[in-house]
Amino acid sequence: MTLFRSYLKARARHEGRARPAATVRHVHLSDAPMVFVPLRMAGEAAAPLGAMVGCDPAEPRLLVVPQPRDRDLRFAFAAELASVMVPYIERYAADSEEVEARTPYPRCLDAPQIIVPNRGALAFVRLLGRSTRFRRTDGPHAVGPLVPVLGRWLTYLHGRGEYAGSAMLLSLTDALAAHWVTGQSDAEDTDPAALLGWIDPPAGMTGPEAAAVAEDPRRSPPPGPDTDPDFDRRVLQPSIADYDASGSADRVRAALHDQLRPTWDLVWRGVALLRTLPEAPSAVLRWERDRASLAGENARIAEGGLSQGRWDSAVAAARRLAMLEIAQQTYEAGRAFDDPLVMAEYRAEGVAFAGEVVAVEPDRKIIPPGGKRPVVRPLVTIKTADPLRLAPGKKVLSPSRPRQAGQILSAEDGTVLVQINGGVKDGVPEVGETVCYADLDPSGGRRPPLPALEETPWTHGGPPQEYVPTDEDAQEAWS
């Protein structure tokens, strides 16, 4: 945790209410998101009990597995879930446009957005995708035709969700915690009821009081995906026993509805709270990248591409890691450049600074190392009170002129000399102007050169064999 967020957490604890950590919303919110609240049997990694799913806050669809140990009932649940999610996803994936660029590429006009309560639900989505995408629709133990399609899409959405700033699969608690800081621990922030209690407590209550109510399972059901052991003992097991004896799932449905509906309402409440913040410009750009990724995945599926394997090859893993790092750097820089409150976090760490321009040499010329002719390199002198840990020679960028490359020449006694090395057409800072510079790059840097799959070196196993799904791939917790 950074120094700035530690300060906000201390203030939140002292004041009894969450403190804002952002002035704009750094995540895109769809006009019609789909909320998915799963619940699984405690101690069973992928034994679903039920779920609420849908796009209308007032009309959730309740899916129930009255006997979680019954394999056929589990896959009936998957088939019913697929009948809801797959059309929703493919409706967006089917409509695309060609983007004019140096290398034209397709991009969907819009994209689906599935919102789950917390990271535990994200992990359940990953396991649900892996447990269903390899299943066969014919032969022994056949499943419904949409079940493996659902698995492929859930696997894709979870994988895409690992890219920082992606918004097609969102954890509500992660999104809220990125915009508000509470006075409780990060582990406690994974409960949407406790988190919202700090951010928007009921009238007459403080954040700690509202969070205490949320942590009492007798007054606020756990957000899942795991059930509360006391609920299992008192309510769930007798309800399942009643189903085994009578064949009626009414009692199980009523019990699960009472467990899921409070979390369902909390998720929509959290979404409404996030909508009160204006959307950051970089969030729009990240959503465009999501739409381009969706178009690419849809084309791959349409061309008959195989489902993602259980393991990546060496080159694919290295390529993915590089792209994840670039996405993280781009996301962090985009947030800071869009939001002065986020930039304050970097200023407190000494990797960014702000101050007043006290002198400018706009026509200064120098001969760069290795050059023969003098070139214009304006020099800007800035007075700052920020603690600065950037060494001379460090490249910096400014939110007000992100295409203008700067370089720190010296930083002593609160005076920083910045040389402008490019982007002079965007204008040179003027005396009296307040400027900010940071060691952040919204472009994310360059992708490292990696060999093609067929050129994988022998030190990394050589060229990978063509992947063909096997029965072993499908042997997950749902077997």
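Preceding block: the structure.
Below, the structure is looked at part by part.

**With respect to the packing of helix 1 (residues 3-15) against helix 12 (residues 340-349)**
A pair of packed helices is characterised by two quantities: the angle between their axes and the separation of those axes.
Consideration 1: Two elements in contact, helix 1 and helix 12, have axes separated by 7 Å at closest approach and are oriented at 115°. Judged by residue contacts, Leu3, Phe4 and Arg5 of helix 1 engage Leu341, Ala344, Glu345, Ala348 and Glu349 from helix 12.
Consideration 2: Considering only residue class, the contact of helix 1 with helix 12 consists of 5 nonpolar, no polar and 3 charged.

**Some points on the layout of surface pockets**
To find leftover empty space, a probe the size of one water molecule is rolled over the atoms.
Consideration 1: Taken as a whole, the second largest pocket encloses approximately 1,200 Å³ of empty space.
Consideration 2: Forming the walls of the second largest pocket are 37 residues, and the residues nearest its centre are Arg119, Asp174, Ala175, Ala178 and Tyr331.
Consideration 3: Broken down by class, the residue content of the lining of the second largest pocket amounts to 15 nonpolar, 12 polar and 10 charged.

**Some points on unusual backbone geometry**
Consideration 1: The residue Asp413 is not glycine, and still its phi comes out positive at about 55°.
Consideration 2: Relative to the helices and strands, Asp413 is located in the loop between strand 15 (401-412) and strand 16 (415-420).

**Brief notes about the nonpolar core**
Consideration 1: Ranked by internal contacts, the top residues of the largest apolar core, which has 79 residues, are Phe36, Leu81, Met85, Ile114, Leu176, Leu256 and Leu294.
Consideration 2: The biggest single contributor to this core is helix 9 (residues 250-275), with 11 residues.
Consideration 3: Each residue touching Leu176, except ones within four places of it in the same chain, is listed here: Leu195, Leu196, Ile199, Gly270, Leu273 and Leu274.

**Some points on the packing of helix 2 (residues 71-93) against helix 4 (residues 146-161)**
Consideration 1: Look at helix 2 against helix 4: their axes get within 8 Å of each other, and the N-to-C directions meet at 60°. Accordingly, the angle class assigned to the pair helix 2 and helix 4 is oblique. Crossing of helix 2 against helix 4: the hand is left-handed. Here helix 2 contributes Phe75, Ala78, Ala79, Leu81, Ala82, Ser83, Met85, Val86, Ile89, Glu90 and Ala93 to the contact with helix 4, which in turn contributes Leu146, Val147, Val149, Leu150, Trp153, Leu154 and Leu157.
Consideration 2: Broken down by class, the residue content of the contact of helix 2 with helix 4 amounts to 16 nonpolar, 1 polar and 1 charged.

**Observations concerning the sheet that holds strand 8 (residues 169-171)**
Consideration 1: The strand order 4-3-2-7-8 describes an open sheet built from 5 strands, whose pairing is mixed. Edge positions in the open sheet fall to strand 4 (61-64) and strand 8, since each of these has one partner strand only. Strand after strand, the sheet turns through a mean of 20° between neighbouring axes, direction not considered.
Consideration 2: Where strand 3 (residues 48-54) and strand 4 come together, 4 bridges link them in antiparallel fashion.

**A short note on helix 8 (residues 229-246)**
Quick reminder: α-helices carry 3.6 residues per turn. Residues three or four places apart thus point the same way.
Consideration 1: For helix 8, built from 18 residues, the straight-helix expectation of 26 Å at 1.5 Å per residue is met to within 8% by its first-to-last C-alpha distance of 24 Å.
Consideration 2: Within helix 8, the axis deviates most sharply at Leu236, by approximately 40°, and proline Pro238 lies no more than four positions further along.
Consideration 3: Considered for burial, the residues of helix 8 that qualify are Phe231, Asp232, Leu236, Ser239, Ile240 and Tyr243.
Consideration 4: Elements in contact with the buried residues of helix 8: strand 3, helix 2 and helix 9.
Consideration 5: Backbone nitrogen of Asp230 and a side-chain oxygen of the N-cap are separated by 3.1 Å at the start of helix 8; the cap is Asp228.
Consideration 6: Of the residues trailing helix 8, Gly247 is marked for its positive phi of about 80°.

Reading the values: the criteria
- Residues numbered from 1 in each chain as written.
- Predicted model: local features only at pLDDT ≥ 70, side-chain atom pairs only at ≥ 80, totals over all residues.
- Heavy atoms only, no water.
- Axes fitted to C-alpha atoms, helices over the stretch in contact; angles between N-to-C directions.
- Helix = DSSP H or I, 4+ residues; strand = E, 2+ residues; numbered from the N terminus.
- Contact = heavy atoms within 4.5 Å.
- Nonpolar A, V, L, I, M, F, W, Y, C, P; charged D, E, K, R; others polar.
- 1 Å grid on protein atoms, 1.4 Å probe; cavity = no way out; pocket = protein on both sides within 12 Å on 5 of 7 lines; lining within 4 Å.
- Points joined across faces, edges and corners; volume = space filled by probe spheres on them.
- Core = buried A, V, L, I, M, F, W, Y, C linked by side-chain atoms within 4.5 Å.
- Buried < 20%, exposed > 50% of the residue type's maximum accessible area, 1.4 Å probe, protein only.
- Parallel < 35°, antiparallel > 145°, perpendicular 65-115°, else oblique.
- Left-handed = near helix turned anticlockwise from the far one by under 90°.
- Pairing = 2+ DSSP bridges.
- Expected span 1.5 Å × (residues − 1).
- Bend = angle between axes of the 7 residues up to and from the residue.
- Polar contact = N/O pair within 3.5 Å; in protein donor to acceptor, adjacent residues only side chain to side chain.

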